[in-house]
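Structural overview
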Amino acid sequence: MRFGVLGPLAVTTDTGEPVTIPGAKVRALLADLVAHRNHVVSADRLIDDLWGDDRPGNAAGALQVRVSQLRKALNDAEPGARDLVESRPPGYVLRTDAVDADRFTALAATDDAASLAEALRLWRGEPYADVADEEWVRAEAARLAEARLVVLEKLADARLARGEHALVAADLAELVAKQPLREGLRVLHMRALYGAGRQSEALDSYTDLRQRLADELGLDPGPELVALHRQILEQDTGLRVPPKAALIRNSLPARLDELVGRAEALTELRAMVPQRRLVTLIGPGGVGKTRLATEAAREQSFPDGVHLVELTALRPGDTAVAELVLAALDARETAGSGATPDHRLVATLRHRRALLVLDNCEHVIEPAAALVARLLREAAGVTVLATSREPLGLAGELLWEVPPLPVPADGRDLDAVRRSAAARLFAARAAAQQRGFRLDERTGPAVAQLCRRLDGLPLALELAATRVRALGVEGVVERLDDRFRLLSTTQRDMPARQRTLTAVIGWSWDLLADEERAVLARLAVHSDGCTLEAAEAVCGADVDVLARLIDRSLVVLDESGAAPRYRLLESVAAFCLERLADADAVRARHAAYYTRLAERADPLLRGPGQREWLARLDAEAANLRAALAHGGGLRLATALTWYWFLRGRLTEARRALTLDGDAAARAAAAVWRVGFALLQGDAVPPAEIEAALAGYADGRATWFVAAALVERSELSAASELLGRARSAGHDPWVEAAGCVTAAKLAHAASDLAALEREGERAAAIFAELGDAWGRLQATDWVGGLAELTGEYERAAAMHREGLRWAEELALWPEVGSKLSWLAWIAVQTRDYQEAWELAERAHRLAVEQDSPGAEVFAQLSLGIAARRDGKLDVAVTHLEHLVEAGGDDALFLPMVLTELGYAVADPDPARALALHARAFDVAVAIGAPRDAAGALEGLASAVPEPEVAARILGAAAAARAQSGVPAAPAERDEVDRVTARLGAALGADGYATAYRAGHDLGPGEARALVQSFVATG
């Protein structure tokens, strides 16, 4: 019997004959059972679905009548088919694997064009068309409709690759009209239009989407659409936008082998996950929760990716769950952020649609549950798939118990044994160990017995399969005799996870040689696996022993990363730790090894090996945390300070720098701790800073504190410390870093000579050292000099190069900063649309990364671009937010006040005049002559007396000439508008006379004219 739901409900016999289902209620009942096929639907649920509030008097009896009618209709068409509908407390279940939707889903999951086309041929209309309005089927119908769109997009992409642009453009037109906000579909349609020579229509399509997103959702197009729009504008002949999946950063591990016996579970979970915000897989250790969760997540399509967070890196009771999730998302903590990790995570995910797979929650159940509850409340686009040995206990949580694999009931029935998932798993793993192994009449009974005695637990079966080569199946069964009582024990004082696995692992342990046992137990000290080098140093392992442990499935070799890693299953590690005879010595070796690794990495993070060592320390993050707990202390913490800074893990650094250590280590830690506190926005008293520096005269640490003070606009203290750092000794890296900070100060002061000297020197030294981070920093100010002097193309090229370095190093806040620089240059050169798009990307990154400094820079460009493009309401919103966020001495404040003055000039000229006057006063106070000149130009635009305004404009021109910083094209537009207005009011001669008189005024004297005018006016 076959069931079709891709259209109106249809039932056919295996020979293709249609089956008539009598009555609307019976058809609805069948549709409900098909929608929940192979799962029991309670009678109460079916009654609610069929009758809602209009229940018959005897609802249970009415349901039984409909079930009988359904069974009769099926059986009349095909004898025996009535058994497909089973009565199972508390309701009914339809047992079938012949539903067209399942076939469609399997075909749709491929990238093969023929399979995709076959999937579409199964489609007869809207899914469940005759009951599509029912609440109980909407989610399933929506999932199938979404899957069909994905298939259509895949086929369209393949056809575009073959050059069928015109045909694809025609075929997608109707779909785009029906799904106007679907960005992936719009990307394909725009590519097709452009490839068919219809460039203007492609651009119109982009404009239409952008307007719809703004009006209906308050959003902007995603980065792939923005990139495509730019390529079309530039008439890129090689235009090819990567498939959307290529743009999503996922973090699931590579598949190591086939998942056996979980096809139905995978189908159910894959359909369930998009429909429910929180699904928790529960079950005993070794039952396969993690593997099932990762495979179910692998096929999910979330715009912002699928991310695995392995909580086993945390110790029991550890509360740092949010920090681990942030690390998995590659979200960095940045300068100026004082937010908690939970707050930063919510900010990162608030506007994302992503799937988080939280693996092994049971040992941190309380903090994990609290974090998930907050995400469900405050990040509406986030879905959580969790694995745990106990529920999270949250409202809306759907518990999905992972059962053991079904075992064969009768070992004499070979077909039944072969159908058993447990037997198939065992046979597959045994065949991998012994090529000649077959599940046949000889081995079937023993395999069935073994599966039953091991309760169908996948880990136990896989461990048993490793012994087939040496013992044969019968021998394996015999060896289990003395251990099986432990496997089925009901002893209440034994930990729950050991009631099913301890004996299996203990049996494998007993088969090991003494040397192998010692190595396996020592490997368990590592968190998240280890390299061969670490296994040799900490565990006394060699390749031969590791190979034997891998053969016994007690160790897994993971080759998915840059370097192979040896990993233990969680239960194996827990078992081994209890049998670690020399635990203190091994943990001491572990701490010593990772301390040496960090000390080795520290100088290399400032040279050509920077990218490699960042990746290596990233891979060892869990081991480094464990080593800190095992006795690495302040020596390890101080070795990791620069790594933590580069990766934005400021909270982790501050916490570790409070550990115990000797006097020298405490002195070093105090300075770094002050720097991190300043970067997080804490107010550190000058006396405390000086006390820390007095105890540790190190150039790098002193520079670090100076740079942190600059972020807080404490320029005087920063300048003094910078001099001390550069005179502390001959260290080229400190000299280069000091040049960067000095260049930043020179840029704020518009000191072009110092900016050029310091920026070029920093770039040269960092290039010689091979430090990509340093070169990235230097491009900020070498490019900033080019922008100040009007070399905009050169400045943009430098910042694009810096952007590439930032992306290669995965420094996402720096990526946002470079985007903001490019947006700023676009503002200055009047390309306001480009500026808006770049600044929006930068702003999204800054918010995700919780980077206040980067957010300010992005908002500055957004506000100015909006104001100069005539979007005054948007501009005022951004600019007023910046005024509120910045202190009275913030380096960006004069520029913001000037732009806000221009934005409010028409409705409130008095406020505009006050804002320009304040901008000038702040610019003078912080020593920013460029901003002071810009503020004078703003005052000239706001003073209502034309002659006074002309004199102020002349003074502004003289101030710009004296600073050597010319006005940018966009700034000249403002001056030209004021000049035209004043010329019309005063006449050419009158304006020229007043303007020349202003040239003889100093900036302060020009500002005094405004005060005088206000006082007398």
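Residues numbered from 1 in each chain as written. Predicted model: local features only at pLDDT ≥ 70, side-chain atom pairs only at ≥ 80, totals over all residues. Heavy atoms only, no water.

**Brief notes about the overall build of the protein**
Each helix and strand counted, the protein has 49 helices and 12 strands in total. Counting only C-alpha atoms and orienting by the principal axes, one finds that the protein spans roughly 110 × 70 × 55 Å. Taken across its 1017 residues, the protein has 54% of its residues classed as buried. Long-range contacts, defined here as pairs at least 24 residues apart, represent 68% of the contacts in the protein between residues at least 6 apart. Separation of charge centres in the protein, based on 117 positive and 147 negative side chains, amounts to 4 Å. (Helix = DSSP H or I, 4+ residues; strand = E, 2+ residues; numbered from the N terminus. Buried < 20%, exposed > 50% of the residue type's maximum accessible area, 1.4 Å probe, protein only. Contact = heavy atoms within 4.5 Å. Lys, Arg positive; Asp, Glu negative; His and termini not counted. Charge placed at Lys NZ, Arg CZ, Asp CG, Glu CD.)

**Here we look at the pattern of salt bridges**
With the rule as written, the count across this model stands at 64 salt bridges. Residue Arg429 is joined to Glu462 by a salt bridge in which the shortest nitrogen-to-oxygen separation is 3.1 Å. A residue pair is termed long-range when its members are at least 10 positions apart, and Arg429 in helix α17 (residues 421-433) and Glu462 in helix α19 (residues 458-465) qualify at 33 residues. Arg429 gets classed as buried once you look at its relative accessible area, which sits at 14%. Judged by its relative accessible area of 25%, Glu462 falls in the partly exposed class. Between Arg517 and Asp514 there is a salt bridge; the shortest N-O distance is 3.9 Å. Taken together, the residues span about one helical turn, with Arg517 and Asp514 both in helix α23 (residues 514-523) at a distance of 3 residues. Overall, Arg517 belongs to the partly exposed group, its relative accessible area being 24%. For Asp514, a relative accessible area of 61% gives the class exposed. The network of salt bridges with shared partners includes Arg726, Glu735, Arg757, Glu758 and Arg761. (Salt bridge = Lys/Arg side-chain N within 4 Å of Asp/Glu carboxyl O.)

**What to know about the sheet that holds strand β7 (residues 306-310)**
Overall, parallel pairing links the 5 strands, which are arranged β7-β8-β9-β6-β10 in an open sheet. Each edge of the open sheet is held by one strand with a lone partner, namely β7 and β10 (398-401). Sheet twist, expressed as the average angle between the axes of neighbouring strands with direction ignored, equals 20°. Relative to strand β9 (residues 382-388), strand β8 (residues 354-359) runs parallel, the two being bridged by 5 bridges. Bridge assignment links Leu356 to a residue of β9, and that residue is Val384. Along the sheet, helix α15 (residues 365-378) contacts β6 (278-282), β8 and β9; its crossing angle with β9, the most-contacted strand, is approximately 160°. (Pairing = 2+ DSSP bridges. Axes fitted to C-alpha atoms, helices over the stretch in contact; angles between N-to-C directions.)

**Observations concerning helix α7 (residues 165-178)**
The end-to-end C-alpha distance of α7, which contains 14 residues, comes to 20 Å, matching closely the 20 Å that a straight helix rising 1.5 Å per residue would cover. Taken residue by residue, α7 has Val168, Ala169, Leu172, Leu175 and Val176 as its buried positions. Summarising the contacts, the buried residues of α7 are in contact with α6 (135-161) and α8 (183-195). (Expected span 1.5 Å × (residues − 1).)

**With respect to the packing of aromatic side chains**
Under the criterion given, the structure shown has 20 aromatic pairs. Centre to centre, the rings of Phe645 and Trp773 are 6.2 Å apart; their planes meet at 80°, and the pair counts as edge-to-face. With a gap of 128 residues between them, Phe645 in helix α30 (residues 641-646) and Trp773 in helix α38 (residues 772-788) connect regions that are remote in the sequence. Relative to Phe704, the ring of Trp703 has its centre 6.5 Å away and its plane inclined at 50°; by these criteria the two rings are tilted. Trp703 gets classed as buried once you look at its relative accessible area, which sits at 5%. Taken together, the ring pairs connect Trp642, Phe645, Trp672, Phe676, Trp703, Phe704, Trp733, Phe766 and Trp773 into an aromatic cluster. The positively charged end of Arg606 is found above the aromatic ring belonging to Trp733, 4.7 Å away from the centroid. (Phe/Tyr/Trp six-rings, centres within 6.5 Å; stacked < 30°, edge-to-face > 60°. Lys NZ or Arg CZ within 6 Å of the ring centre and 35° of its normal.)

**Focus on the nonpolar core**
Judged by nonpolar contacts, the single largest core of 185 residues is most densely connected at Leu520, Leu523, Ile689, Trp703, Trp773 and Ile952. Contacts of Ile689, omitting those with residues within four sequence positions, involve Val674, Leu678, Val684, Val705, Leu709 and Leu721. (Core = buried A, V, L, I, M, F, W, Y, C linked by side-chain atoms within 4.5 Å.)

**Concerning the side chain of Thr280**
With respect to the helices and strands, the residue Thr280 is situated in strand β6. In this structure the side chain of Thr280 is engaged in a polar contact, spanning 2.7 Å, whose partner is the side chain of Glu397. Not counting residues within four places of it along the chain, the set of residues in contact with Thr280 comprises Ala386, Ser388, Leu392, Glu397, Leu398, Leu399 and Trp400. (Polar contact = N/O pair within 3.5 Å; in protein donor to acceptor, adjacent residues only side chain to side chain.)

**Description of helix α34 (residues 699-711)**
One turn of the α-helix equals 3.6 residues, which is why residues spaced by three or four share an orientation. For α34, with 13 residues, the first-to-last C-alpha span of 19 Å sits near the 18 Å given by 1.5 Å per residue. In terms of burial, α34 is a largely internal element, 11 of the 13 residues being buried. Every buried residue belonging to α34 is among Gly699, Ala701, Thr702, Trp703, Phe704, Val705, Ala706, Ala707, Ala708, Leu709 and Val710, and all of these are buried. Of the surrounding secondary structure, the elements contacted by the buried residues of α34 are α30, α32 (663-679), α33 (686-694), α35 (715-726), α36 (732-748) and α38. Here α34 starts with a cap whose side-chain oxygen sits 3.1 Å from the backbone nitrogen of Arg700, and that cap is Asp698. One or two positions beyond α34, positive phi appears at Ser713, with a value near 65°.

**Thoughts on the sheet that holds strand β4 (residues 85-88)**
Sheet architecture is open: 3 strands sit in the order β3-β5-β4, paired in antiparallel fashion. The two strands at the open ends of the sheet, each matched to only one other strand, are β3 (41-42) and β4. Where β4 lies against strand β5 (residues 91-94), 4 bridges are found, and the strand directions are antiparallel. Counted as the bridge partner of Arg88 is Gly91 from β5. The sheet strands contacting helix α1 (residues 24-35) are β3, β4 and β5, and the helix crosses β5 at an angle near 70°.

**So, empty space enclosed by the protein**
Within this structure, the stated rule accounts for 4 cavities of 30 Å³ or more. In terms of lining, the largest cavity is formed by 16 residues, of which the most central are Met895, Thr898, Glu899, Gly934 and Glu971. Within the residue set of the lining of the largest cavity, elements represented by two or more residues are α42 (852-868), α44 (893-903), α46 (929-942) and α48 (969-999). Per-element tally for the lining of the largest cavity: the top contributor is α44, with 5 residues. Of the residues in the lining of the largest cavity, the class split is 5 nonpolar, 2 polar and 9 charged. (1 Å grid on protein atoms, 1.4 Å probe; cavity = no way out; pocket = protein on both sides within 12 Å on 5 of 7 lines; lining within 4 Å. Points joined across faces, edges and corners; volume = space filled by probe spheres on them. Nonpolar A, V, L, I, M, F, W, Y, C, P; charged D, E, K, R; others polar.)

**A closer look at the state of the cysteines**
For the structure on display, the rule yields 0 disulfides. A disulfide-free cysteine, Cys530 has its sulfur positioned 5.7 Å from the sulfur of Cys539, the nearest such atom. (Disulfide = S-S within 2.5 Å.)

**A look at the confidence of the model for the protein**
Residues of the protein with pLDDT of at least 70 account for 93%, and the chain-wide mean is 85. Across residues 241-248, where pLDDT falls below 50, the model places 14 contacts with residues more than four positions away in sequence or in other chains. Across residues 482-500, confidence stays below pLDDT 50; counting only partners more than four residues off in sequence or on other chains, it has 29 contacts. (pLDDT = per-residue confidence, 0-100.)

**Concerning the environment of Ile47**
By the secondary structure assignment, Ile47 is in helix α2 (residues 43-51). Measuring from C-alpha to C-alpha, the distance between Ile47 and Ala574 comes to 48 Å, with 527 residues separating the pair along the chain. In this structure, Ile47 is in contact with Gly52, Arg55, Ala59, Ala60 and Leu63, ignoring residues within four places of it in sequence.

**Notes on the packing of α17 against α19**
Where α17 contacts α19, the two axes come as close as 8 Å, and the packing angle between them is 30°. Judged by the inter-axis angle, α17 sits roughly parallel to α19. Viewed along their axes, α17 and α19 form a crossing whose handedness is right-handed. Here Ala422, Leu425, Phe426, Arg429, Ala430 and Gln433 of α17 lie close against α19, whose contacting residues are Pro458, Leu461, Glu462, Ala464 and Ala465. The class makeup of the residues in the contact of α17 with α19 is 8 nonpolar, 1 polar and 2 charged. (Parallel < 35°, antiparallel > 145°, perpendicular 65-115°, else oblique. Left-handed = near helix turned anticlockwise from the far one by under 90°.)

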